[in-house]
Amino acid sequence: MVRATTPLPDRDVRFMLRLSKSPSDIHLLERVCWRPKKPHNNKGLGPEEYRYVVQEGSHVHDMFLNWDEETDKMNEANLPVAVPALIDGFSVEAAFEFALARFNIDPEGFNFEPPPWERGLFDE
């Protein structure tokens, strides 16, 4: 699944790998956030070098970092742990290809249409 924010051209796109057991039983496994509008903070969770570090740019909510060993399932708190992804300079199409590679999905047969952003009057 891909989500974009219409009035934010070339920003705030989320690529999500989800598992759907039924229409009402959907689990988020991993998310790539490309040029997010808000920074992310792991709030003391995850790899030591990223605890309490504000991540201003693109980042990945890695499935393995969000697996809860105690419950033997994905962390239900919206995948709270993320690590930086050096893709801010990528186009949205290249970010999509990066996400497919992360999700181990063959890009053959995918026709990615960039979001229909609505540029403002003063945007270039």
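Located above this text is the structure these notes cover.
Residues numbered from 1 in each chain as written. Predicted model: local features only at pLDDT ≥ 70, side-chain atom pairs only at ≥ 80, totals over all residues. Heavy atoms only, no water.

The complete set of buried residues in helix α1 (residues 92-102) reads Val92, Ala95, Phe96, Ala99 and Leu100. Angularly, the buried residues of α1 cover 145° about the axis, an arc narrow enough to put them on a single face. Seen from the buried face of α1, the exposed residues on the opposite side, beyond 90 degrees, are Glu97 and Ala101. Where α1 is buried, its residues meet β1 (2-4), β2 (13-22) and β3 (25-34). In the stretch just after α1, Asn104 is the one whose phi turns positive, near 55°. (Buried < 20%, exposed > 50% of the residue type's maximum accessible area, 1.4 Å probe, protein only. Helix = DSSP H or I, 4+ residues; strand = E, 2+ residues; numbered from the N terminus. Arc of directions from axis to C-beta. Contact = heavy atoms within 4.5 Å.)

Moving on, we come to unusual backbone geometry. Of note in this structure, Asp10 is not a glycine but carries a positive phi near 60°. Tracing the backbone shows Asp10 in the loop between β1 and β2. Classification of Asp10 by relative accessible area gives partly exposed; the value is 29%. In this structure, Leu79 is a non-glycine residue whose phi angle is positive, near 50°. Accessibility expressed as a relative area gives 1% for Leu79, which makes it buried.

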